[in-house]
There are 2 protein chains.
Amino acid sequence: MKVARPSLYQQVASELRRAIYSGDYGPGAQLPTEEELRSRHGVSRNTVRLAVAELVNEGLVTRAPRRGTIVRERRALLMHPQRELEPQPTGVPREAFAYAVSQEGRQPSQLIEVLTVKPAEDIASRLELDDGKLAVVRRRLRFVDGQPYNTNDSYFPHDLVAESEIARPGDIGRGANRVLEELGHAQIRVVDDIWARMPNQAEVERLQLELGTPVVVYVRVGYDREDTPVRVAVSVLPADKHLIRYELGSR
Amino acid sequence: MKVARPSLYQQVASELRRAIYSGDYGPGAQLPTEEELRSRHGVSRNTVRLAVAELVNEGLVTRAPRRGTIVRERRALLMHPQRELEPQPTGVPREAFAYAVSQEGRQPSQLIEVLTVKPAEDIASRLELDDGKLAVVRRRLRFVDGQPYNTNDSYFPHDLVAESEIARPGDIGRGANRVLEELGHAQIRVVDDIWARMPNQAEVERLQLELGTPVVVYVRVGYDREDTPVRVAVSVLPADKHLIRYELGSR
DNA sequence: ATCATCCATTCGTTGGTACAAATCCATCGA
DNA sequence: TCGATGGATTTGTACCAACGAATGGATGAT
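This section reports on the structure supplied with the text.

Cut-offs and rules
- Residues numbered from 1 in each chain as written.
- Chains lettered and ligands numbered in written order.
- Predicted model: local features only at pLDDT ≥ 70, side-chain atom pairs only at ≥ 80, totals over all residues.
- Heavy atoms only, no water.
- Near = heavy atom within 4 Å.
- Polar contact = N/O pair within 3.5 Å; in protein donor to acceptor, adjacent residues only side chain to side chain.
- Helix = DSSP H or I, 4+ residues; strand = E, 2+ residues; numbered from the N terminus.
- Phe/Tyr/Trp six-rings, centres within 6.5 Å; stacked < 30°, edge-to-face > 60°.
- Buried < 20%, exposed > 50% of the residue type's maximum accessible area, 1.4 Å probe, protein only.
- Lys NZ or Arg CZ within 6 Å of the ring centre and 35° of its normal.
- Least-squares fit on C-alpha atoms with pLDDT ≥ 70 in both.
- Contact = heavy atoms within 4.5 Å.
- Nonpolar A, V, L, I, M, F, W, Y, C, P; charged D, E, K, R; others polar.
- Buried area = accessible area lost by both parts, 1.4 Å probe.
- Salt bridge = Lys/Arg side-chain N within 4 Å of Asp/Glu carboxyl O.
- Pairing = 2+ DSSP bridges.
- Axes fitted to C-alpha atoms, helices over the stretch in contact; angles between N-to-C directions.
- Parallel < 35°, antiparallel > 145°, perpendicular 65-115°, else oblique.
- Left-handed = near helix turned anticlockwise from the far one by under 90°.

**Here's the deal with the protein's contact with DNA strand C**
The local shell around DNA strand C holds 22 residues, among which Arg45(A), Arg49(A), Leu8(B), Ser44(B) and Thr47(B) are the closest. The sugar and phosphate moieties of DNA strand C supply 63% of its atoms located within 4 Å of the protein. Here Arg45(A) contributes a side-chain N or O atom positioned 2.7 Å from a base nitrogen of DNA strand C. One nitrogen or oxygen atom from the main chain of Ser44(B) is found 2.8 Å from a phosphate oxygen belonging to DNA strand C. Among the secondary structure elements, those contributing two or more residues to the surface near DNA strand C are helix 3 (45-57), strand 1 (61-64) and strand 2 (68-71) of chain A together with helix 1 (8-21) and helix 3 (45-57) of chain B.

**Some details on the packing of aromatic side chains**
Scanning the entire structure with this criterion turns up 1 aromatic pair over all chains. Geometrically, the ring pair formed by Tyr246(A) and Tyr246(B) is stacked, given 3.7 Å between the ring centres and 10° between the ring planes. Of the two residues, Tyr246(A) is situated in strand 10 (residues 242-249) and Tyr246(B) in strand 10 (residues 242-249); the pairing between them involves two chains. Take Tyr246(A) and Tyr246(B): they sit in the same class, and that class is buried. Its end group placed over the ring of Tyr223(A), Arg189(A) keeps NZ or CZ at 4.4 Å from the ring centre.

**Structural notes on the relation of the copies chain A and chain B**
Two chain copies, one operation linking them: a rotation about an axis together with a shift along it. The transform that puts chain A on chain B rotates by 180° and translates by 0.1 Å along the axis, for an RMSD of 0.2 Å. The two molecules are tied by a two-fold rotation axis, judged by turn and shift. Interface overlap between copies is the fraction of interface residues in one copy that are interface residues in the other; for chain A against chain B it reaches 100%, indicating a shared surface.

**Quick notes on the side chain of Glu54(B)**
The topology assignment puts Glu54(B) in helix 3. Setting aside anything within four residues of it in sequence, one finds Glu54(B) in contact with Tyr9(B), Gln10(B), Ala13(B) and Arg17(B).

**Details of the protein's contact with DNA strand D**
Around DNA strand D, the structure places 22 residues, and the nearest of them are Leu8(A), Asn46(A), Thr47(A), Arg45(B) and Arg66(B). Expressed as a percentage, the sugar and phosphate content of the atoms of DNA strand D within 4 Å of the protein is 64%. Residue Thr47(A) places a side-chain N or O atom 2.5 Å away from a phosphate oxygen belonging to DNA strand D. Take Glu34(B): an N or O atom from its main chain is 3.0 Å from a phosphate oxygen of DNA strand D. Taken together, the elements giving at least two residues each to the surface near DNA strand D come down to helix 1 (8-21) and helix 3 of chain A together with helix 3, strand 1 (61-64) and strand 2 (68-71) of chain B. The element best represented in the surface near DNA strand D is helix 3 of chain A, accounting for 3 residues. Looking at side-chain class alone, the surface near DNA strand D contains 6 nonpolar, 7 polar and 9 charged residues.

**What to know about the interface of chain A and chain B**
Taken residue by residue, the interface counts 36 residues in chain A and 36 residues in chain B. Summed over the three residues of chain A that lose the most area to chain B, namely Met198(A), Tyr246(A) and Leu248(A), the buried surface amounts to 20% of that side. Counting every contact that joins chain A to chain B gives 2 salt bridges. With a shortest N-O distance of 2.6 Å, Asp193(B) and Arg245(A) are connected by a salt bridge. The tally of links between chain A and chain B comes to 11 residue pairs in polar contact (both at pLDDT 80 or more). Looking at the side of chain A that touches chain B, the elements with two or more residues in it are helix 1, strand 7 (189-197), strand 8 (215-223) and strand 10 of chain A. Residue contributions to the side of chain A that touches chain B peak at 9 residues, all from strand 7 of chain A. A per-class count over the side of chain A that touches chain B returns 17 nonpolar, 8 polar and 11 charged. Bridge analysis of strand 10 of chain A against strand 7 (residues 189-197) of chain B gives 6 bridges, and the strand direction is antiparallel. In the strand pairing of strand 7 of chain B, Ile244(A) is matched with Ile194(B).

**Overview of the sheet that holds strand 4 (residues 108-117) of chain A**
Judged by pairing direction, the sheet is mixed, and its 8 strands sit side by side in the order 4(A)-5(A)-6(A)-9(A)-8(A)-7(A)-10(B)-3(B) without closing on themselves. Edge positions in the sheet fall to strand 4 of chain A together with strand 3 (77-79) of chain B, since each has one partner strand and no second. Between one strand and the next, the sheet's axes are offset by a mean angle of 20°, whatever the strand orientation. Where strand 3 of chain B meets strand 10 of chain B, 3 bridges bridge the pair, whose relative direction is parallel. Bridge pairing links Met79(B) to Ile244(B) in strand 10 of chain B.

**Looking at the packing of helix 2 (residues 34-41) of chain B against helix 3 of chain B**
Residues and elements named next belong to chain B. Packing of helix 2 against helix 3 brings their axes to within 9 Å, and their N-to-C directions diverge by 110°. Here helix 2 is positioned roughly perpendicular relative to helix 3, judged by the angle of their axes. The handedness of the crossing between helix 2 and helix 3 is right-handed. Residues Glu34, Leu37 and Arg38 of helix 2 form the contact with helix 3, whose own contacting residues are Arg45, Val48, Arg49 and Val52. Partitioned by chemical class, the residues of the contact of helix 2 with helix 3 number 3 nonpolar, no polar and 4 charged.

**Overview of the environment of Thr213(A)**
Residue and element names in this part refer to chain A. With respect to the helices and strands, the residue threonine 213 is situated in the loop between helix 8 (201-206) and strand 8. When the C-alpha positions of threonine 213 and valine 56 are compared, they lie 9.1 Å apart, and in sequence the two are 157 residues distant. Apart from residues no more than four positions distant in its own chain, threonine 213 is found in contact with Arg72, Met198, Pro199, Pro238, Ala239 and Asp240. Polar contacts involving the side chain of threonine 213 include one to the side chain of arginine 72, which spans 3.1 Å.

**As for the pattern of salt bridges**
Tallied over the entire structure, the rule returns 43 salt bridges over all chains. Linked through salt bridges whose partners overlap, the residues forming this network are Glu34(A), Arg45(A), Arg49(A) and Arg63(A).

**Quick notes on the side chain of Arg231(B)**
All names here are of chain B. Within the fold, arginine 231 resides in strand 9 (residues 229-238). Within the structure, arginine 231 has its side chain in polar contact with the side chain of serine 154 (distance 2.9 Å). At a separation of 2.4 Å, a polar atom in the side chain of arginine 231 contacts the side chain of asparagine 177.

**Focus: the environment of Arg63(A)**
All names here are of chain A. Here arginine 63 is to be found in strand 1. Measuring from C-alpha to C-alpha, the distance between arginine 63 and leucine 37 comes to 14 Å, with 26 residues separating the pair along the chain. Dropping the residues within four chain positions of it, arginine 63 is found in contact with Glu34, Arg49, Val52, Ala53, Val56, Gly68 and Thr69.

Below you can see the structure in the form of structure tokens.
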């Protein structure tokens, strides 16, 4: 059996990884500078940078000029997707995201953009829209304590919501689901699809993602009593900030 | 407002990204060689490699000597976590993963390792194990059509399963959940936690992951009628091969 | 005391070179 | 016909050099 000699940069990367996982460098700690690592391992600066690039891609560290290479820390916000189907707590009815965030003592806010569009193929098919039919989309960029947190684009059949509050710009304090109810199309069943991938350029900018942060894509299709899709919500969740929880079965 | 000039390698990366997304290079297609890109954009090979490295980290392409840079294709296998709680289809009772895979006309297989261990802190706390209590873990590496597909490590309280089939090596054709039932500790409620991150080195090797592939971590804690945790299952799912689906609400 | 400025440090980008490793494919030999 | 061999191509690793950009912290001015 041939044992491949790991390349130099792999060796350096392994050593750094070990040091981080073993706690030699805790969250917030600065790794040795590139120059330091270069002389310590007796390799070129390029090789050091290759090694550190690995850790960046793994989401372990961040780099910035003069600040150095810093070990990241992460803390996730819990999401309970199924609670949106349950009756809201008594008192002020509240949109689900805002409610969850304020529960944790943090400050939610959002930017909303409302458009009428010809939806992309996958959205149209999930909404079961015929050929050229339009959809109203509420594109939201949500913030927690002023930092971009996630995006949520909700698509509704244009025919259904054109005359409602949903098609008009601005916040809907009580949540779009409440409006759907009032229109006689309450969601009584949902299908959630969850997967993950690396973000594209636009997402990196919009969500101010650091390198090495995957995103979880979370698509919820809501159906009314006639089993007609009335809402397709596409959320893009930076993986280091979100934990999705489902509770199934009887209590 | 200052408009930062994107660096050269960013420009090259953007151009390649655009070409891929627009379909100029479909899945399986080979991008121009580094030499070709170098002369076409009038930059150094270093710069070209930096650009392509971005696409690799985004999971868009793979590289190999002589094969070139190839556009990846992905096709996900659908998972229905909640089906494990429903009564199995009539006929041969079957472990959930094997059943789902064979349903798609593909060939499941797995390697199982059964150990009695002192579980890590997070597992112990989910299992609500006191201090030094042990757990039995069934570590599985699962394959589809001979390719590594995902891992599933299931932890059980040692006191509960020590005398059962679960603590013995080898396959349990009917699934561990069935054995728990027979022990009088059927799971009647589960809590699923889902998040994503970049894989660590061990996972890259074990699952033969390509660069730029995040993993979805999927943790299910199962409780019996007394609301005692009886099973903690930790699955690591390569993101490009898995789609998780939940269906909630009334039909 | 407070604020603006400057400098040194550290990572970021880009150029270059050389050789190694992997593998496709054509060619040759049995 | 089929398998072994070897050459050419393409990416992988490693080194060096130079300058750009960002910023923490010291210094100096008000």
